[in-house]
Structure formats: structure tokens, C-alpha cells
Amino acid sequence: LAKTTQPISMDSYEGQEVNITCSHNNIATNDYITWYQQFPSQGPRFIIQGYKTKVTNEVASLFIPADRKSSTLSLPRVSLSDTAVYYCLVALHHGSGNTGKLIFGQGTTLQVKP
Amino acid sequence: GAVVSQHPSWVICKSGTSVKIECRSLDFQATTMFWYRQFPKQSLMLMATSNEGSKATYEQGVEKDKFLINHASLTLSTLTVTSAHPEDSSFYICSAPILPGQPQHFGDGTRLSIL
């Protein structure tokens, strides 16, 4: 499973756009990139998943360059409630023959200030 | 709404007690579920893969006789911490994908405190 590297922490202010970059130099051809959010004493919550280029949903965007060795999670106009730990994971799709297990890195603790 | 449910959400018990944690998939069948452990200020650590109808697959360093996993139905996996001691106190979380190839959904975790 590809190892991921993220900044340990980031600070931002309400209303700003936050970009969290994740490095995954050893990503394999069949690997997908998935981001999760975790609040204290809760399980991780799925944010977004992508394979290449750009993916956007109602809460975030995911930018993936052509070489796929990194990815950037973009959170538009963050609020205090976005303060959480964000995890970037790289893994085979469950349906690709892999068991689907996920190996979590250290994650990025985002602190949003008023 | 929640698609993976854990019970209990919090348990406190005496050292030497065995504790069972349930993980249920709601409105979908999960042939595979995953169990994680998370210590304060740390990331999630995968403990084992729970397979319906067969033995669980444990990660290196996880004692299978200490952490018993049973996946007897397509909607329920249980983790039993046997003869729990204070060092087993942690936050235990389960997950499952709704469909193969889809992202996993996580339960809200179980806070285990051993006195």
C-alpha cells in the first residue's frame, strides 16, 4: 500500500480556502486517492475520492496532477466546524481484487480560527 | 444517516473483564468489515479484517487470541477484547464498504476504558 505524507498541522481563518496537499510517490496504477475527515471521538467520515484530474462534490474539490504522485484537497470557505483531522489514503478499490483495507497515515490537523 | 453502527459507544469495566463490541451494517450487506484502534492524538491503526463466514485476518503484531473477531452474518461483526487490561483502553472503530469499489463507511467508534 502506497505511503502518504501530509503536513501534520495547518491553521486557517473562517471564510478562507484551505488546500491540504498529500504526497504519494509510490502510488500504483490501480490505486485511488481518498480523503477522510475525523472529529474527536468520532469515526472518520468520507469526503471525496478520485483517480486523476479534478473531482468536485458539495463539500470539497480534489486536484490530482497527471503523474498522480500528489493530490490536493481543497475546502472552500472553511468555518469553525471544519476544524478536524484530515486523512489522505491511497488504496486499491475493493472491487479491484484488493481486500479494501486502508492504512492511515498521521493526517493533517486543521485548526480554523474565528 | 449512519450506515455503519457500533455498540456500545462507551464502556468502562474492570481489569480482567472481557468486552464485546458490535459493528452493524445498516441497510446493506458487508462480507468484509475492518477493525481499527486509535490511541489519543494518534492515527487509526488497522487491527484486522473481518470476513463473513471465515476467519479474520489480523495485522502483524495484533494478538488474535486477545482480540477475538466473529463475523457470523452479513450485517454484524463483533470484536471481543478478552481479559482486558488498562493498556487495552483505546478508541475502537469499525468500517465497511457499501459496495465493492466504493469508499468505506466508518462507525462512530467505541471508547473502551479499563480500570
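Predicted, not measured: the structure shown is a model, and the values here were computed from it. (Residues numbered from 1 in each chain as written. Chains lettered and ligands numbered in written order. Predicted model: local features only at pLDDT ≥ 70, side-chain atom pairs only at ≥ 80, totals over all residues. Heavy atoms only, no water.)

Enquirer: Where do I start with the pattern of salt bridges in this structure?
Expert: Side chains that differ in charge, positive against negative, can pair when their charged atoms come close. All names here are of chain B. All chains considered together, the criterion is met by three salt bridges over all chains. Ionic pairing is found between aspartate 88 and lysine 66, a salt bridge with its closest N-O pair at 2.7 Å. Of this pair, aspartate 88 sits in the loop between strand 8 (76-81) and strand 9 (90-97) while lysine 66 sits in the loop between strand 6 (57-58) and strand 7 (67-73), placing them 22 residues apart in sequence. Among the residues examined, aspartate 88 registers a relative accessible area of 6% and is labelled buried. (Salt bridge = Lys/Arg side-chain N within 4 Å of Asp/Glu carboxyl O. Helix = DSSP H or I, 4+ residues; strand = E, 2+ residues; numbered from the N terminus. Buried < 20%, exposed > 50% of the residue type's maximum accessible area, 1.4 Å probe, protein only.)

Enquirer: Help me out: how do you make sense of the state of the cysteines in this one?
Expert: What makes a disulfide is a covalent bond joining the sulfur atoms belonging to two cysteines. Going through the model one piece at a time under the given rule, you end up with two disulfides over all chains. Residue cysteine 22 of chain A pairs covalently with cysteine 88 of chain A via a disulfide, S to S 2.2 Å. Because the torsion about its S-S bond is -80 degrees, the bridge between cysteine 22 of chain A and cysteine 88 of chain A counts as left-handed. Taken together, the residues span a long stretch of sequence, with cysteine 22 of chain A in strand 2 (residues 18-23) and cysteine 88 of chain A in strand 8 (residues 84-92) at a distance of 66 residues. The pair cysteine 22 of chain A / cysteine 88 of chain A is uniform in exposure class, with both members buried. No disulfide involves cysteine 13 of chain B; its sulfur sits 18 Å from the nearest other cysteine sulfur, which is in cysteine 94 of chain B. According to the relative accessible area criterion, cysteine 13 of chain B is buried, its value standing at 12%. (Disulfide = S-S within 2.5 Å.)

Enquirer: What is the right way to read the packing of aromatic side chains from this model?
Expert: The relative placement of two aromatic rings is captured by the distance of their centres and the angle of their planes. Under the counting rule described, the total for this entry stands at nine aromatic pairs over all chains. Arranged with centres 5.1 Å apart and planes meeting at 85 degrees, the rings of tyrosine 87 of chain A and phenylalanine 104 of chain A form a pair that is edge-to-face. With tyrosine 87 of chain A in strand 8 and phenylalanine 104 of chain A in the loop between strand 8 and strand 9 (108-113), this residue pair connects regions lying 17 residues apart in the sequence. Comparing tyrosine 87 of chain A with phenylalanine 104 of chain A shows no difference in burial state: the two are buried. Taking 5.6 Å as the distance between ring centres and 90 degrees as the angle between the ring planes, the aromatic pair formed by phenylalanine 104 of chain A and tyrosine 36 of chain B counts as edge-to-face. Of this pair, phenylalanine 104 of chain A sits in the loop between strand 8 and strand 9 while tyrosine 36 of chain B sits in strand 4 (residues 32-38), each in a different chain. Summarising the burial analysis for this pair, phenylalanine 104 of chain A and tyrosine 36 of chain B share the class buried. (Phe/Tyr/Trp six-rings, centres within 6.5 Å; stacked < 30°, edge-to-face > 60°.)

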